[in-house]
Structures are given as structure tokens and as C-alpha cells.
Amino acid sequence: MHSTLADKLYIDRPPRIEPHLPSGLYPIPTPPDNQENFGQLLQQAFLPMMMILGYILMSFFGQGRNLLMMIPMALSVIGTVALAIYTNSREKKQREAAEAAYKRRISELRRKMESEHEQQRIYYFYNYPNPEKTLGIAADLMREADAREEAIRSGTRLWERRPNDHDFLYLRLGISTRASTVVYKVSENEKTENPLMREATRLAEDSRLLYNVPVTIPVYLPSDDTQKKKVEKKQEQQQDEGAKQEETQESKGITVRHSIGITGDSAEKVHAYLRTMLVDYAAFHSPQDTMLYVAGTSAARPFWRWAYALPHCKESDKSETLLFEADERPGENEADRMRQFWKNMRTILERRRMRLQDKESGVDVKLPFLLVVVDVRTPAPDWSCLRDLEGEAAISTILMDGQMLGAGIIFLVPDRSKVPSRCSAIIEVDADPDDEESAVFRYAETGFNTVRYVGSTRLVSMQEKAREFSRCLEPVDIRRGYGSSLAATVTLMEMLNLQSIDQMQEFARENWQRSMTQIGRAHV
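Residues numbered from 1 in each chain as written. Predicted model: local features only at pLDDT ≥ 70, side-chain atom pairs only at ≥ 80, totals over all residues. Heavy atoms only, no water.

**Q** So what about the nonpolar core? Which residues, and what values?
**A** If you look at the biggest cluster of nonpolar residues, it comprises 60 residues, and the most contacted ones within it are L173, W304 and I427. Per-element tally for this core: the top contributor is helix α8 (residues 267-284), with 11 residues. Contact partners of I427, with chain neighbours within four places excluded, come to L173, I260, G261, I262, T263, Y273, M277, F441, R442 and Y443. Membership of the second largest hydrophobic core comes to 29 residues, among which are Y293, M338, V372 and F411. (Core = buried A, V, L, I, M, F, W, Y, C linked by side-chain atoms within 4.5 Å. Buried < 20%, exposed > 50% of the residue type's maximum accessible area, 1.4 Å probe, protein only. Helix = DSSP H or I, 4+ residues; strand = E, 2+ residues; numbered from the N terminus. Contact = heavy atoms within 4.5 Å.)

Below, the structure is given as C-alpha cells:
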């Protein structure tokens, strides 16, 4: 069922208000010195004792010496020893008090860290919710206002992420462990022999990681990096020189990964995992900012019935962006629709490249972002252009220049060895032995010391739920400002309604012949 203009359901997209995400690098105080100085006590009593010993020797071996003169000296020894014992006892109490105060301070810092970890969990689960909540956001569109479950005070959260947002086009992988944005660091002049140092070290280690939270990966490189510069400046102010050298996983995780290979033993689990990821993608990014293209073998068609109603899978002329190979090779007089699909994709990318070279236009050529899924879990036939993925010009362009041109690509392959060599990340999906409605995943990136994730996620395992989600979104549109629907730039080929250079040449040849004919008639 296709919606008409009269059937459109216009929604307001209110300003996005996010929960607070604490961040910072905080030093852990150095533990107090708890060593007892017995040598000082001996030193204080040693000198008077040596004087008494010397006087005794002189009394026995000398002449006219009075042993009673030793009494004041003995009293001084006793007083000195007593003072030393008192001083040592007082210092011991001070050390015990300092140790107790240090333990209280470590306990306070731990409670503060746990509170900040909880704030981070609230932030991540709010911004990247579980699939049930994401499906509920779409289902609320068809419910009465008082029956909506996932709506917030300012309205629906549908398509809330905008191109200028810091998490625009972050794909949700699932639940795993990620680096904490709040880190407690032990000072460099740490006293490893101090038993209290173990508490400080344990606090520092516990603060570095955040467990059982949603993890994401970015697939889009924004042109306007104003927010990114602000974040980097704030981090520089919070970190000292030692912390700058100790780069965390979170700072490494901002690397854009626009080409991903997904594989696994079970076709059902792999497609359900990708379906869950794309439902999140479609729920939080509007069709004006993002599009979804799917190309696959004929065997992959049944896994994508849910996506046909998605507004992200519609061109401006309402044509669908999903295409699957035919069961048989096209005849000589029949058009190869798959090759035409990739030819059109390459035309879009080349147009963007030309607009990118025009620095005076000031237009972001990366929008709408093009996310292309190539489903070849079932091997393509020999005659198909999907047989040699990297040999296809459009795919090769996305792999090499996708970040620059606003395009990303996901490959579904039967085995890890079939992932194209230029992919920057791999996701392996397996069944969760403890839950049939979940899957476990292993995410790895290319490069040295890159991010790794191992975790699990709930799945949108039934296509009917995803199809209902797509149907809820199909009639929805956003209220736009005046003039927002006008094209910022129009190429000559678009003005002439031409799709390729060959058509342009044919069009020019026909116009030339027509003009020459008219000139000949004018002379006659």
C-alpha cells in the first residue's frame, strides 16, 4: 500500500534534549606515608646513653670521679626515651587517622564514580534504546495521545538525530563494554609499596570501563566538525600531558567505519541482526537525511520483504531502492536491471564528486547519506555483477571514497573469508545459547590497536514486527521550513532529465542535427 499526499501524516520534530553525559579525568590523591620510624627513637636515646657509658668507664679507670654525677645524665636518658615513645605514639595515631581519612576519601570517590557510571548508562540506554523501545516509538504514531508508551514531553522521538548532532549515523551494535567518559587516574609518583595504593589502583581500573551498555560505531564523517573541535578542546583542558599519551578506547572509537562485512553461520540470525540495526537506523534518522539501498541475490529476497514500505527505501520519484537478481540470466534484448542499479549509483556518486570540487557552492554533498546493503550470503551466479564485488565500479568507489561522498556499504557474506579486502570492520554473528530472541556478536576493526566489542543484543527476529514498523513510518513526513524542499544545486543533466553521459551525447547530436536542418531550410 503506497501512501498519497492526502494520506501524509506530518509530525513535528522538536528540539532534541539529551540526558547529561558526565566526562572528565580526575586525579586520585596519593596515600599518606604509613611507615613507622623506629630509627628516630633509637637516635634520640643513643647519644645520652653513650655519654653515660663514657662517664662510667672514666669513673672506674680514672681518679676522683663521682658516680653520683651520672644520676642527671640517667634522668636525661629516661626523659629522652619517654619523649621519643610519646612522639612515636602520637605519630602512630596521626598515621591511623590519615589512613582512615584516605579510605573515606577513596570511598567517596568510588561512590561518585558509581553515580557517574549510572548517569552514563542512562545516557546510552536513552540515546540507543533496546529494539522493543525502538519499535514502540513507531507504534506510538498509530496510538491515541494518552495511550502512547515511548513518547516524551516534547512529542515523538522519531527521526530525532540531525546531521549536526554528535551521534548522527551511529549504528547500534548491541550490549557490550565500552570505555568510560569519566576516568580516575593514579598520580605518576605513586608509592607501590604502600598497602593503601591497592585501593587507589582498583578505583582507577574500575573507572576505565563501563559494562553492559549499548555500543555504537560511526559511519558518517560530518563536514562541519565544530562540535568535534569543542569536545577535543574540552578534553585537552581536562587532561594533563600524561593523559594525552594514554589515549582511551573512546577517543579511538570516533574513527569512521563506512564499510562493514557481516557474517555468521545462521542466515536467519545474521539477517535478524542486520534488521535490528536498520530498524534503529530508520527510527532515528529521517528519510531527508538518509537513504537505504539493498542489492542482493534472488535467494535474499524473502529476508527483505519488511523494508519495501520504509520511506528510506523510496527515491524522490517514489521508485524503490531494493533490487534482487533474477533467477535466470537476462536475454540479449532484456536490460540487466542489476547493472543499471549500480550504474545509477555510480552516477549519483560522480555527481557528488563534481559538486565537491565546486568549493564556492558551500553545499554538503554528503546528504542524504546513502547506506548500501549488498546481500550475497547465497553466492551470486557467474553471470551476475555481484559475483565480483570489488570489480563493480560503484562498490569500489564507495569503498575508497565513501566517507568523502556520503556513502557507506554493508556486505552480508557466508564466510569471513568472503568479506571484501577494503572493508574497515567485520561483525560476526552467532546464536545466543541462553536466549532464542537474542544473538551474540564480535566486532573488530582493521588497523593497529583498534576497537573490539564482544556482546549480545535482542533481535527483531520476526519480519512481521519489522514490516509493521515500516508501515507505521510509510505515511510519515516532517514539517519543513519555507524553501527547504528546493534543490540547492541543479546539474545540467538534471535540468535536461538525462541519466548518463551517453544520453547527453545522444541528446546533443539530435539537437545539432535539428539545428542544422533548420539552418538549411532558412537558406532555401
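**Q** Could you give an account of the environment of A179, with specific residues and numbers?
**A** Residue placement: A179 occurs in strand β3 (residues 170-179). Distance from A179 to Y211, taken between C-alpha atoms, is 8.7 Å for residues 32 residues apart in sequence.

**Q** Can you break down unusual backbone geometry residue by residue, with the values?
**A** Cis geometry marks the peptide bond from L367 to P368; its omega dihedral reads -5°. Within the secondary structure, P368 is located in the loop between α9 (337-357) and β9 (369-375). Residues other than glycine seldom take positive phi values, yet L169 does so here, at roughly 60°. Within the element layout of this structure, L169 appears in the loop between α3 (131-139) and β3.

**Q** So what about the confidence of the model for the protein chain? Which residues, and what values?
**A** On average, the protein chain scores 82 in pLDDT, and the residues at 70 or more come to 76%. Note that pLDDT drops below 50 for residues 1-6; the model gives that stretch eight contacts with residues more than four away or on any other chain. Under a pLDDT of 50 for its full length, residues 237-253 has, in the predicted model, 22 contacts with residues more than four places off or in other chains. (pLDDT = per-residue confidence, 0-100.)

**Q** So what about the packing of α9 against helix α10 (residues 393-405)? Which residues, and what values?
**A** Between α9 and α10, whose axes approach to 10 Å, the crossing angle comes to 35°. In this structure, α9 crosses over α10, and the sense of that crossing is left-handed. Contacts between α9 and α10 involve W342, M345, R346, L349, R352, R353 and L356 on the former and, on the latter, A393, A394, I395, T397, I398, D401, M404 and L405. Among the residues making up the contact of α9 with α10, the classes are represented as 10 nonpolar, one polar and four charged. (Axes fitted to C-alpha atoms, helices over the stretch in contact; angles between N-to-C directions. Left-handed = near helix turned anticlockwise from the far one by under 90°. Nonpolar A, V, L, I, M, F, W, Y, C, P; charged D, E, K, R; others polar.)

**Q** Account for the packing of aromatic side chains, with residues named and values stated.
**A** For the structure on display, the rule yields nine aromatic pairs. Ring plane angle 25° and centroid distance 6.1 Å describe the contact between W304 and W306, whose orientation is recorded as stacked. Just as W304 is buried, W306 falls in that class too. Chaining the aromatic ring pairs together yields one cluster made of F168, Y220 and F369. Over the ring of Y26 we find K112, and its NZ or CZ is 4.2 Å from the ring centre. Lying across the ring of Y124, R178 places its NZ or CZ 4.1 Å from the centre. (Phe/Tyr/Trp six-rings, centres within 6.5 Å; stacked < 30°, edge-to-face > 60°. Lys NZ or Arg CZ within 6 Å of the ring centre and 35° of its normal.)

**Q** Please give an account of the pairing of strand β7 (residues 290-296) that cites residues and values.
**A** Of all seven residues that make up β7, seven are buried, and the element is covered over most of its length. Along β7, one buried face is formed by T290, L292, V294 and G296 and the opposite face, lined by M291, Y293 and A295, is buried too. Pairing between β7 and β9: seven bridges, direction parallel. Following the sheet pairing, M291 is matched in β9 by L370. With three bridges connecting them, β7 and strand β8 (residues 322-324) associate as parallel partners. (Pairing = 2+ DSSP bridges.)

**Q** Account for the side chain of K269, with residues named and values stated.
**A** Within the secondary structure, K269 sits in helix α8. The charged side chain of K269 is buried without a salt bridge, its nearest counter-charge being E437 at 6.7 Å. Once you skip the residues sitting within four places of it in the chain, K269 turns out to touch V429, A431, E436, S438 and L459. (Lys, Arg positive; Asp, Glu negative; His and termini not counted. Salt bridge = Lys/Arg side-chain N within 4 Å of Asp/Glu carboxyl O.)

**Q** So, the packing of α3 against helix α11 (residues 463-473): which residues are in play, and what are the values?
**A** Contact geometry for α3 and α11: axes closest at 8 Å, N-to-C directions at 35°. As for the relative orientation of α3 and α11, their crossing is left-handed in sense. Contact residues: α3 offers T134, L135, A138 and A139, while α11 offers K465, F469, C472 and L473.

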